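# Structural overview for review
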Amino acid sequence: MALDNLIFAQCILYFLAFVFGFIAVVPLSENTEDFGGKCLLFTRGMWQNENITVSKQRFIVEEWGPECSCSFITFVGIASLILSAVQAWRLLFFLCKGHDDSFFNAFLNLMISSLVMFTIFLSSTIVSVGFNLWCESVTESGTMPNSCEELQDTDLELGVDNSAFYDQFVIAQFGLWAAWLTWLGITVLAFLKVYHNYRQEDLLDSLIHEKELLLSRSSRCGSDLKTGLI
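As a starting point, this report considers the structure included with it. (Residues numbered from 1 in each chain as written. Predicted model: local features only at pLDDT ≥ 70, side-chain atom pairs only at ≥ 80, totals over all residues. Heavy atoms only, no water.)

Tallying each qualifying case throughout the model produces 11 aromatic pairs. Geometrically, the ring pair formed by Phe35 and Trp64 is edge-to-face, given 6.0 Å between the ring centres and 85° between the ring planes. Taken as a pair, Phe35 in the loop between helix H1 (2-34) and strand E1 (39-49) and Trp64 in strand E2 (residues 57-65) lie far apart in primary sequence, 29 residues in all. Looking at Phe35, the relative accessible area reads 1%, which means it is buried. Measuring from ring centre to ring centre gives 6.0 Å for Trp177 and Trp180, while their planes differ by 85°; the resulting arrangement is edge-to-face. Of this pair, Trp177 and Trp180 both sit in helix H5 (residues 165-229), three residues apart, roughly one helical turn. Given a relative accessible area of 30%, Trp177 falls into the partly exposed group. (Phe/Tyr/Trp six-rings, centres within 6.5 Å; stacked < 30°, edge-to-face > 60°. Helix = DSSP H or I, 4+ residues; strand = E, 2+ residues; numbered from the N terminus. Buried < 20%, exposed > 50% of the residue type's maximum accessible area, 1.4 Å probe, protein only.)

Structure follows, in C-alpha coordinates:
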(Lines give C-alpha, C1' and ligand atoms only; values in the text may rest on other atoms or scores of the structure.)
Protein backbone atom coordinates (compact mmCIF):
# COMPACT_ATOMS: atom_id res chain seq x y z
CA MET A 1 0.00 0.00 0.00
CA ALA A 2 2.83 2.42 0.86
CA LEU A 3 4.50 1.68 -2.47
CA ASP A 4 1.25 2.30 -4.36
CA ASN A 5 0.92 5.67 -2.63
CA LEU A 6 4.49 6.52 -3.63
CA ILE A 7 3.84 5.64 -7.28
CA PHE A 8 0.57 7.62 -7.22
CA ALA A 9 2.37 10.68 -5.79
CA GLN A 10 5.02 10.39 -8.50
CA CYS A 11 2.31 10.17 -11.16
CA ILE A 12 0.65 13.36 -9.84
CA LEU A 13 3.97 15.24 -9.78
CA TYR A 14 4.80 14.18 -13.33
CA PHE A 15 1.41 15.44 -14.45
CA LEU A 16 2.06 18.79 -12.72
CA ALA A 17 5.52 18.93 -14.32
CA PHE A 18 3.84 18.47 -17.72
CA VAL A 19 1.38 21.29 -17.01
CA PHE A 20 4.06 23.72 -15.78
CA GLY A 21 6.35 22.81 -18.68
CA PHE A 22 3.51 23.60 -21.08
CA ILE A 23 2.93 26.93 -19.34
CA ALA A 24 6.62 27.80 -19.80
CA VAL A 25 7.10 26.59 -23.38
CA VAL A 26 4.09 28.33 -24.97
CA PRO A 27 5.04 31.97 -24.11
CA LEU A 28 8.72 31.29 -24.89
CA SER A 29 7.76 30.04 -28.34
CA GLU A 30 5.44 33.00 -28.88
CA ASN A 31 8.18 35.47 -27.90
CA THR A 32 10.68 33.83 -30.26
CA GLU A 33 8.15 34.22 -33.08
CA ASP A 34 7.30 37.83 -32.12
CA PHE A 35 10.98 38.83 -32.03
CA GLY A 36 11.81 37.07 -35.28
CA GLY A 37 14.29 34.67 -33.66
CA LYS A 38 16.10 37.42 -31.72
CA CYS A 39 16.68 36.66 -28.02
CA LEU A 40 15.44 39.30 -25.59
CA LEU A 41 17.41 37.88 -22.65
CA PHE A 42 20.62 39.76 -21.77
CA THR A 43 19.91 42.30 -24.54
CA ARG A 44 21.67 45.63 -24.00
CA GLY A 45 20.62 49.02 -25.32
CA MET A 46 20.00 52.66 -24.48
CA TRP A 47 17.61 55.53 -25.16
CA GLN A 48 18.87 58.20 -27.56
CA ASN A 49 17.40 61.27 -29.23
CA GLU A 50 16.45 60.62 -32.85
CA ASN A 51 18.30 63.79 -33.93
CA ILE A 52 19.57 67.04 -32.52
CA THR A 53 16.47 69.12 -33.35
CA VAL A 54 13.86 66.60 -32.16
CA SER A 55 13.73 65.67 -28.47
CA LYS A 56 11.91 62.40 -29.15
CA GLN A 57 13.86 59.46 -27.81
CA ARG A 58 14.22 56.04 -29.36
CA PHE A 59 15.53 52.83 -27.82
CA ILE A 60 18.63 51.59 -29.63
CA VAL A 61 19.74 47.97 -29.19
CA GLU A 62 23.50 47.79 -28.81
CA GLU A 63 23.65 44.01 -28.75
CA TRP A 64 20.94 41.38 -28.82
CA GLY A 65 21.17 38.56 -26.31
CA PRO A 66 22.76 35.25 -27.37
CA GLU A 67 20.25 33.15 -29.27
CA CYS A 68 21.63 30.01 -27.62
CA SER A 69 20.16 31.20 -24.28
CA CYS A 70 16.59 31.25 -25.59
CA SER A 71 17.16 28.05 -27.61
CA PHE A 72 18.52 26.22 -24.55
CA ILE A 73 15.59 27.29 -22.36
CA THR A 74 13.03 26.26 -24.99
CA PHE A 75 14.78 22.92 -25.52
CA VAL A 76 14.82 22.20 -21.77
CA GLY A 77 11.13 23.08 -21.50
CA ILE A 78 10.15 20.80 -24.40
CA ALA A 79 12.36 17.95 -23.12
CA SER A 80 10.80 18.27 -19.65
CA LEU A 81 7.35 18.32 -21.24
CA ILE A 82 7.94 15.10 -23.18
CA LEU A 83 9.72 13.27 -20.36
CA SER A 84 7.07 14.12 -17.76
CA ALA A 85 4.29 12.92 -20.11
CA VAL A 86 6.07 9.61 -20.79
CA GLN A 87 6.82 9.03 -17.11
CA ALA A 88 3.28 9.89 -16.01
CA TRP A 89 1.84 7.41 -18.54
CA ARG A 90 4.37 4.72 -17.53
CA LEU A 91 3.66 5.08 -13.81
CA LEU A 92 -0.09 5.12 -14.42
CA PHE A 93 0.33 1.81 -16.27
CA PHE A 94 2.39 0.41 -13.37
CA LEU A 95 -0.27 1.56 -10.91
CA CYS A 96 -3.06 -0.14 -12.85
CA LYS A 97 -1.13 -3.38 -13.44
CA GLY A 98 0.46 -3.55 -9.99
CA HIS A 99 4.01 -3.51 -11.41
CA ASP A 100 7.05 -1.78 -9.95
CA ASP A 101 10.51 -0.66 -11.10
CA SER A 102 13.56 -2.79 -10.50
CA PHE A 103 16.36 -1.37 -8.37
CA PHE A 104 18.34 -0.46 -11.50
CA ASN A 105 15.39 1.32 -13.15
CA ALA A 106 14.62 3.21 -9.94
CA PHE A 107 18.25 4.33 -9.69
CA LEU A 108 18.25 5.36 -13.37
CA ASN A 109 15.08 7.42 -12.80
CA LEU A 110 16.77 9.11 -9.85
CA MET A 111 19.75 10.11 -12.03
CA ILE A 112 17.48 11.40 -14.84
CA SER A 113 15.27 13.34 -12.40
CA SER A 114 18.33 14.94 -10.80
CA LEU A 115 19.67 15.97 -14.22
CA VAL A 116 16.33 17.44 -15.32
CA MET A 117 15.95 19.27 -12.00
CA PHE A 118 19.42 20.82 -12.43
CA THR A 119 18.83 21.89 -16.05
CA ILE A 120 15.45 23.44 -15.21
CA PHE A 121 17.02 25.33 -12.30
CA LEU A 122 19.70 26.60 -14.70
CA SER A 123 17.06 27.60 -17.26
CA SER A 124 14.96 29.39 -14.63
CA THR A 125 18.00 31.32 -13.43
CA ILE A 126 18.94 32.30 -17.00
CA VAL A 127 15.41 33.58 -17.67
CA SER A 128 15.18 35.54 -14.41
CA VAL A 129 18.63 37.13 -14.67
CA GLY A 130 18.45 37.75 -18.43
CA PHE A 131 15.00 39.31 -18.28
CA ASN A 132 15.97 41.55 -15.35
CA LEU A 133 18.96 42.81 -17.36
CA TRP A 134 16.68 43.58 -20.30
CA CYS A 135 14.25 45.47 -18.06
CA GLU A 136 17.09 47.43 -16.46
CA SER A 137 18.35 48.32 -19.92
CA VAL A 138 15.01 49.37 -21.40
CA THR A 139 14.07 51.40 -18.28
CA GLU A 140 17.66 52.65 -17.75
CA SER A 141 17.69 51.12 -14.25
CA GLY A 142 14.34 52.68 -13.32
CA THR A 143 15.13 56.25 -14.42
CA MET A 144 12.58 56.14 -17.23
CA PRO A 145 9.02 57.31 -16.42
CA ASN A 146 7.55 54.01 -17.64
CA SER A 147 8.05 50.61 -16.04
CA CYS A 148 9.15 47.50 -17.93
CA GLU A 149 5.56 46.26 -17.91
CA GLU A 150 4.22 49.54 -19.29
CA LEU A 151 6.84 49.64 -22.07
CA GLN A 152 5.35 46.54 -23.69
CA ASP A 153 2.46 48.80 -24.71
CA THR A 154 4.92 51.14 -26.47
CA ASP A 155 6.27 50.46 -29.93
CA LEU A 156 10.03 50.42 -29.39
CA GLU A 157 10.58 50.50 -33.18
CA LEU A 158 12.98 47.58 -33.12
CA GLY A 159 11.46 45.79 -36.07
CA VAL A 160 9.86 43.24 -33.74
CA ASP A 161 6.50 42.79 -32.03
CA ASN A 162 7.13 43.84 -28.42
CA SER A 163 3.45 44.15 -27.47
CA ALA A 164 3.50 41.18 -25.04
CA PHE A 165 7.13 40.54 -24.04
CA TYR A 166 6.58 41.32 -20.34
CA ASP A 167 3.56 39.04 -19.94
CA GLN A 168 5.29 36.28 -21.90
CA PHE A 169 8.40 36.19 -19.73
CA VAL A 170 6.51 36.58 -16.44
CA ILE A 171 4.41 33.54 -17.35
CA ALA A 172 7.50 31.67 -18.56
CA GLN A 173 9.32 32.39 -15.28
CA PHE A 174 6.37 31.15 -13.27
CA GLY A 175 6.16 27.96 -15.35
CA LEU A 176 9.89 27.24 -15.10
CA TRP A 177 10.25 27.86 -11.36
CA ALA A 178 7.06 25.89 -10.65
CA ALA A 179 8.41 23.07 -12.86
CA TRP A 180 11.69 23.17 -10.93
CA LEU A 181 9.88 22.79 -7.61
CA THR A 182 7.87 19.92 -9.08
CA TRP A 183 10.99 18.14 -10.36
CA LEU A 184 12.57 18.68 -6.96
CA GLY A 185 9.65 16.75 -5.46
CA ILE A 186 9.99 14.08 -8.17
CA THR A 187 13.69 13.69 -7.34
CA VAL A 188 12.94 13.31 -3.62
CA LEU A 189 10.33 10.62 -4.34
CA ALA A 190 12.74 8.89 -6.75
CA PHE A 191 15.32 8.78 -3.96
CA LEU A 192 12.76 7.33 -1.56
CA LYS A 193 11.89 4.63 -4.11
CA VAL A 194 15.58 3.76 -4.54
CA TYR A 195 15.93 3.56 -0.76
CA HIS A 196 12.79 1.41 -0.52
CA ASN A 197 14.06 -0.96 -3.23
CA TYR A 198 17.46 -1.11 -1.55
CA ARG A 199 15.82 -2.08 1.74
CA GLN A 200 13.78 -4.70 -0.10
CA GLU A 201 16.94 -6.12 -1.73
CA ASP A 202 18.69 -6.07 1.64
CA LEU A 203 15.74 -7.82 3.27
CA LEU A 204 15.68 -10.42 0.50
CA ASP A 205 19.41 -11.05 0.91
CA SER A 206 18.93 -11.42 4.68
CA LEU A 207 16.10 -13.92 4.18
CA ILE A 208 18.20 -15.95 1.75
CA HIS A 209 21.11 -15.91 4.19
CA GLU A 210 18.87 -17.01 7.07
CA LYS A 211 17.43 -19.79 4.89
CA GLU A 212 20.94 -21.02 4.06
CA LEU A 213 21.86 -20.99 7.78
CA LEU A 214 18.75 -22.97 8.69
CA LEU A 215 19.39 -25.50 5.95
CA SER A 216 23.02 -25.91 7.01
CA ARG A 217 21.98 -26.37 10.66
CA SER A 218 19.31 -28.94 9.79
CA SER A 219 21.76 -30.90 7.60
CA ARG A 220 24.35 -30.78 10.40
CA CYS A 221 21.79 -32.02 12.95
CA GLY A 222 20.78 -34.84 10.58
CA SER A 223 24.39 -35.95 10.12
CA ASP A 224 25.01 -35.83 13.91
CA LEU A 225 21.89 -37.93 14.48
CA LYS A 226 23.06 -40.54 11.97
CA THR A 227 26.49 -40.64 13.60
CA GLY A 228 24.92 -41.18 17.04
CA LEU A 229 22.78 -44.03 15.77
CA ILE A 230 25.81 -45.75 14.23
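What follows concerns the state of the cysteines. Applying the stated rule across the entire model yields two disulfides. Disulfide pairing places Cys39 opposite Cys70 at an S-S distance of 2.0 Å. Taking the sign of the torsion about the S-S bond as the criterion, the disulfide between Cys39 and Cys70, at about 75°, is right-handed. Taken as a pair, Cys39 in strand E1 and Cys70 in helix H2 (residues 67-97) lie far apart in primary sequence, 31 residues in all. Sulfur-sulfur distance for the disulfide between Cys135 and Cys148 comes to 2.1 Å. With the S-S dihedral at roughly -65°, the linkage between Cys135 and Cys148 falls on the left-handed side. Of the two residues, Cys135 is situated in helix H3 (residues 103-138) and Cys148 in helix H4 (residues 148-151); the sequence distance between them amounts to 13 residues. A relative accessible area of 11% means that Cys135 is categorised as buried. When the cysteines engaged in disulfides are numbered in sequence order, the chain pairs them as 1-2, 3-4. Cys68 carries a free sulfur, and the closest cysteine sulfur to it, the one in Cys39, is 7.9 Å from it. Residue classification places Cys68 among the exposed positions, given a relative accessible area of 56%. (Disulfide = S-S within 2.5 Å.)

Bringing the environment of Leu6 into the picture now. As for its placement among the helices and strands, Leu6 is situated in helix H1. Placed 183 residues apart in sequence, Leu6 and Leu189 show a C-alpha to C-alpha distance of 7.2 Å. With sequence-adjacent residues up to four places away left out, Leu6 is seen in contact with Leu189, Leu192 and Lys193. (Contact = heavy atoms within 4.5 Å.)

Right, let's get into the pattern of salt bridges. Applying the stated rule across the entire model yields one salt bridge. In this structure, the salt-bridge partner of Glu63 is Arg44, at a minimum N-O distance of 2.5 Å. With Glu63 in strand E2 and Arg44 in strand E1, this pair connects stretches of sequence that are 19 residues apart. (Salt bridge = Lys/Arg side-chain N within 4 Å of Asp/Glu carboxyl O.)

Attention now moves to a negative patch on the surface. A cluster of acidic side chains, namely Glu149, Glu150, Asp153 and Asp167, defines a negative patch on the protein surface. Judged by relative accessible area, which is 42%, Glu150 ranks as partly exposed. (Patch = residues over 30% accessible without salt bridge, like charges linked within 9 Å, V, L, I, M, F, W, Y side chains within 5 Å. Areas by Shrake-Rupley, 256 points an atom, 1.4 Å probe, with all protein chains shown as cover. Lys, Arg positive; Asp, Glu negative; His and termini not counted. Charge placed at Lys NZ, Arg CZ, Asp CG, Glu CD.)

Time to look at the side chain of Ser113. When you line up the elements, Ser113 lands in helix H3. With residues up to four places along the chain from it excluded, the contact list for Ser113 reads Tyr14, Trp183, Ile186, Thr187 and Ala190.

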